[in-house]
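# Observations on the model geometry
Residue strings, one per chain:
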Amino acid sequence: MYEAGENVLPPVTLSCAAQELYLEITNGAGVSPDDRPALEELLALELVTPSLYVPGRFEPTDVHQAERNATIRELDAIRRHLERLSGVPDLFAALPKKTALAPLEGIERLASADDANRLLTTLISGTESSVWSAQPKDRPAWSLEKSLARELELVRQGKQFRTIYPSSARQREAESKWVSTMSAAGAEVRTRVPDFIRMIIIDGRTVVVSDPKDPEGTTTSAYCITHPVVVSLMVAVYQQLWARSEPWKGGRGPVPAGAAVTTPQTRALYRMLRAGKGRAEVARRLEISERTVTTLLNRLYEATGTDNLLALGEWWAGSADRHMD
């Protein structure tokens, strides 16, 4: 039976004992039976691994790779929870009702793009402190021009304005001009591989997010979220994306040197396709659907400025990403 708190995730921390054991292992010490609880913490975060040469001993892993893996796991868990969350209104709407039920508090489904745009116009015009957005798709020139005056006015009023674009936006003229103008006024813009969904966070209290069950954006539905716990979760997601994105002041040009364009998942996907594996086999090995394989491949095309596997192979041959795990 489900118990309250059963699905609450533990904090990503290390006990004092685990920290001490990690230092001992990095200095070449062994592990005693009393160290087992602390060792389990280190293994869970992939900070240590069994030695290939000395049975019973452990060795430290690459801490940067461990951090990347932990971040990917947390983001994947957030994505799965959002997918589950998005199904709640439809599930209960389909059930027969003997009495009227109150709507799910703090989560409102927006059935059309017009509904979402009207709400966003109202929310943004009443902004008190900040507007953070993540835009995984290219924005057409007419849309950027239409919103520019309103967004510039927010920045000039001292409101914090942040936007995350896909890395491919650096090659598009419309976004480049918009970013140059907004950055000159004080807005902050960054880019990264498009492994995120569209969201707008207003004042850290309200989030409008695209349907997480529709990563390709084939529908126009969205959700307005004001539930404080869910909003806090979305704010944390955005902050992680922001910290791992590259600053951009505008102007067309390549992705900054050293910035990863791919993710561990898309690198694994491409390597299997390059080795001749079919999409069904790739999906099975990565434990995802074939539709998700297609989605990830399309995002990889977009991030690298290519549109087929041959062109992607040429990009890969000259990219530093091919040396990453």
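Residues numbered from 1 in each chain as written. Predicted model: local features only at pLDDT ≥ 70, side-chain atom pairs only at ≥ 80, totals over all residues. Heavy atoms only, no water.

Its identity is not glycine, yet E46 carries a phi of approximately 55 degrees, on the positive side. On the secondary structure map, E46 appears in the loop between α2 (36-44) and β1 (48-50). The exposure class of E46 is partly exposed, given its relative accessible area of 34%. (Helix = DSSP H or I, 4+ residues; strand = E, 2+ residues; numbered from the N terminus. Buried < 20%, exposed > 50% of the residue type's maximum accessible area, 1.4 Å probe, protein only.)

It is worth spelling out the pattern of salt bridges at this point. Scanning the entire structure with this criterion turns up 14 salt bridges. Linking D76 and R79 is a salt bridge whose minimum nitrogen-to-oxygen distance equals 2.5 Å. Placement of both D76 and R79 in helix α3 (residues 63-93) is noted, with a separation of three residues, approximately one turn of the helix. Residue classification places D76 among the partly exposed positions, given a relative accessible area of 26%. A salt bridge links E175 to R172; the shortest N-O distance between them is 3.0 Å. Put simply, D76, R79, R80 and E83 are held in one network by salt bridges that share partners. (Salt bridge = Lys/Arg side-chain N within 4 Å of Asp/Glu carboxyl O.)

All right, on to the environment of T226 then. Secondary-structure assignment places T226 in the loop between β9 (222-225) and α7 (228-243). Sequence separation between T226 and E108 is 118 residues, and the spatial gap between their C-alpha atoms is 8.6 Å. Setting aside residues no more than four positions away along its own chain, T226 makes contact with G106, R205, T206 and V231. (Contact = heavy atoms within 4.5 Å.)

Right, let's get into α2. Every buried residue belonging to α2 is among A38, L39 and L42, and all of these are buried. All buried residues of α2 lie within an arc of 100 degrees about the axis, which places them on one face of the element. Among the exposed residues of α2, those oriented more than 90 degrees off its buried face are P37 and A44. Buried residues along α2 sit in contact with α1 (16-26), β1 and β2 (58-60). (Arc of directions from axis to C-beta.)

A separate point is the packing of helix α10 (residues 290-304) against helix α11 (residues 309-317). The relative placement of two packed helices is expressed as an angle between their axes plus a distance between the axes. Closest axis-to-axis distance for the α10/α11 pair is 11 Å, and the angle between their directions is 55 degrees. With respect to their mutual orientation, α10 and α11 come out oblique. When the axes of α10 and α11 are compared, the crossing they make is left-handed. Of α11, the residues touching α10 (which contributes L297, L300, Y301 and T304) are L309, L312 and W315. (Axes fitted to C-alpha atoms, helices over the stretch in contact; angles between N-to-C directions. Parallel < 35°, antiparallel > 145°, perpendicular 65-115°, else oblique. Left-handed = near helix turned anticlockwise from the far one by under 90°.)

Our focus in this paragraph is the packing of aromatic side chains. Taken as a whole and judged by the stated rule, the model has six aromatic pairs. Centre to centre, the rings of Y165 and W178 are 5.8 Å apart; their planes meet at 80 degrees, and the pair counts as edge-to-face. With a gap of 13 residues between them, Y165 in strand β5 (residues 160-166) and W178 in helix α6 (residues 173-185) connect regions that are remote in the sequence. The pair Y165 / W178 is uniform in exposure class, with both members buried. Judged by centre distance (6.5 Å) and plane angle (45 degrees), the rings of W315 and W316 are tilted. (Phe/Tyr/Trp six-rings, centres within 6.5 Å; stacked < 30°, edge-to-face > 60°.)

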